Amino acid sequence: AQSVTQLGSHVSVSEGALVLLRCNYSSSVPPYLFWYVQYPNQGLQLLLKYTSAATLVKGINGFEAEFKKSETSFHLTKPSAHMSDAAEYFCAVSDRGSSNTGKLIFGQGTTLQVKP
Amino acid sequence: DAGVTQSPTHLIKTRGQQVTLRCSPKSGHDTVSWYQQALGQGPQFIFQYYEEEERQRGNFPDRFSGHQFPNYSSELNVNALLLGDSALYLCASSIDRGHGEQYFGPGTRLTVT
């Protein structure tokens, strides 16, 4: 069964510092991978997704993630944190098999705090 | 272009009661998925509707049921509410059974007392 593990439930960085949010997945075949962001009292917004193209995926708001099959990882990075990046971040996987319905399996989430 | 809309925004119910939550998908989308997000947790898949039928179901009891209408909007019904049903319920819409990107609504916050 597929699963997602986000290492670190809470990450704190200073404004302007590098953001690194970790995600590891478990799947028999490389799945589709996603990063979503959730601001307080809002739904989820897609930051970026990996389907099968380039392993380095660029998303919105300056975020990017790299798919590493050997490490079963899909870590999210941003070179310079902004105060507006403070939010909850979720990594998710979806089966790419013939029975794929797009069902998303989410990690527990990582709260990003950005200090001035 | 309106995105995914959900109603109501907030809801307070008593244990044992029944509740109906509503979702209108993004224009052009024909698939609706429902997720439950407990406080401090990631969303969990409840079920997906496509062509007015439940196509896939997560690990939720039969107290959770749904419906999809010809205009692709959807309802989530929960019977015999338990305190543990308190959560944010998210609706996501997509094209063609989810092969396209899923767009999430703002959610309905359900509190069971």
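Residues numbered from 1 in each chain as written. Chains lettered and ligands numbered in written order. Predicted model: local features only at pLDDT ≥ 70, side-chain atom pairs only at ≥ 80, totals over all residues. Heavy atoms only, no water.

A closer look at the sheet that holds strand E7 (residues 64-68) of chain B
All names here are of chain B. Put simply, the rule is: DSSP calls a pair of strands paired once it identifies at least 2 bridges connecting them. Starting at the N terminus, helices and strands are each numbered in turn, a helix being any DSSP run of H or I of at least four residues and a strand any DSSP run of E of at least two. Here the axes come from fitting lines to C-alpha atoms, over the contacting stretch only for helices, and the angles between their N-to-C directions go from 0 to 180 degrees.
The strand order E1-E3-E8-E7 describes an open sheet built from four strands, whose pairing is antiparallel. Two strands in the sheet have a free side with no partner beyond their single neighbour: strand E1 (5-7) and E7. This sheet shows a mean twist of 20 degrees between the axes of neighbouring strands, independent of strand direction. Pairing of E1 with strand E3 (residues 19-24) involves three bridges; the strand directions are antiparallel. From the neighbouring strand, Gln-6 faces E3, where its bridge partner is Cys-23.

Focus on the interface of chain A and chain B
Convention followed: Every residue pair with non-hydrogen atoms within 4.5 Å of one another is taken to be in contact. Summed over both partners, the accessible area (1.4 Å probe) lost when two parts come together is defined as the buried area. Note on definitions: salt bridges are taken to be side-chain nitrogens of Lys or Arg within 4 Å of carboxyl oxygens of Asp or Glu. In protein, a polar contact requires one atom able to donate a hydrogen and another able to accept it; more generally it is a pair of N or O atoms within 3.5 Å, and residues adjacent in sequence count only if both atoms are side-chain atoms. Nonpolar residues are Ala, Val, Leu, Ile, Met, Phe, Trp, Tyr, Cys and Pro. Charged residues are Asp, Glu, Lys and Arg, and all others, Gly as well, are polar.
Facing 16 residues of chain A, the contacting portion of chain B comprises 19 residues. It is Leu-44, Thr-101 and Lys-103 of chain A that lose the most area in chain A upon contact with chain B, and together they represent 34% of the buried surface on that side. Scanning the region where chain A abuts chain B turns up one salt bridge. Notably, a salt bridge pairs Lys-49 of chain A with Glu-101 of chain B, separated by 3.7 Å at the nearest N-O pair. Taken together, the links from chain A to chain B amount to three residue pairs in polar contact (both at pLDDT 80 or more). Looking at the side of chain A that touches chain B, the elements that each hand over two or more residues are strand E4 (32-38) and strand E5 (44-50) of chain A. Per element, the largest residue contribution to the side of chain A that touches chain B is three residues, and it comes from E5 of chain A. Broken down by class, the residue content of the side of chain A that touches chain B amounts to six nonpolar, eight polar and two charged.

Concerning the pairing of strand E9 (residues 87-94) of chain B
Remember that side chains alternate between the two faces of the sheet whenever the strand is regular. Residues and elements named next belong to chain B. Counted only if it meets this: Think of it in three bands: with a 1.4 Å probe and only protein chains considered, a residue is buried below 20% of the maximum accessible area for its type, exposed above 50%, and partly exposed in between.
For E9, the tally of buried residues reaches eight of eight residues, placing the bulk of the element in the interior. In E9, alternate side chains face the same way, and those of Ala-87, Tyr-89, Cys-91 and Ser-93 on one face and Leu-88, Leu-90, Ala-92 and Ser-94 on the other are all buried. Looking at chain direction, strand E4 (residues 31-37) and E9 are connected through seven bridges and run antiparallel. In the strand pairing of E9, Thr-31 is matched with Ser-94. In this structure, E9 lies alongside strand E10 (residues 103-104), joined through two bridges in antiparallel fashion.

Remarks on the packing of aromatic side chains
Residues and elements named next belong to chain A. Selection criterion: We call Phe, Tyr and Trp rings a pair once their centres come within 6.5 Å, taking the six-membered ring for Trp, and we label the pair stacked below 30 degrees between planes, edge-to-face above 60, and tilted otherwise.
In total, this model carries 14 aromatic pairs over all chains according to the counting rule given. Relative to Phe-106, the ring of Tyr-36 lies with its centre 5.8 Å away and its plane at 55 degrees, an arrangement referred to as tilted. Of this pair, Tyr-36 sits in strand E4 while Phe-106 sits in strand E10 (residues 105-106), and the two are 70 residues apart along the sequence. In this structure Phe-106 comes out as buried when scored by relative accessible area, which is 8%. When the ring of Tyr-50 is compared with that of Phe-67, the centres are 4.3 Å apart and the planes differ by 20 degrees; the resulting orientation is stacked. Placement of Tyr-50 in strand E5 and of Phe-67 in strand E7 (residues 64-68) is noted, with a sequence separation of 17 residues between them. The exposure classification of Tyr-50 matches that of Phe-67, with both residues buried.

Some remarks on the sheet that holds E7 of chain A
Residue and element names in this part refer to chain A. Strand order in this open sheet of five strands is E1-E3-E8-E7-E6, and the pairing throughout is antiparallel. Strand pairing shows two members of the sheet lacking a second neighbour, strand E1 (3-7) and strand E6 (56-58), which therefore form its edges. On average, each strand axis in the sheet is inclined to that of its neighbour by 20 degrees, with strand direction left out of account. Pairing of strand E3 (residues 19-26) with strand E8 (residues 73-78) involves four bridges; the strand directions are antiparallel. In the sheet register, Asn-24 faces E8, and the bridge partner there is Ser-73.

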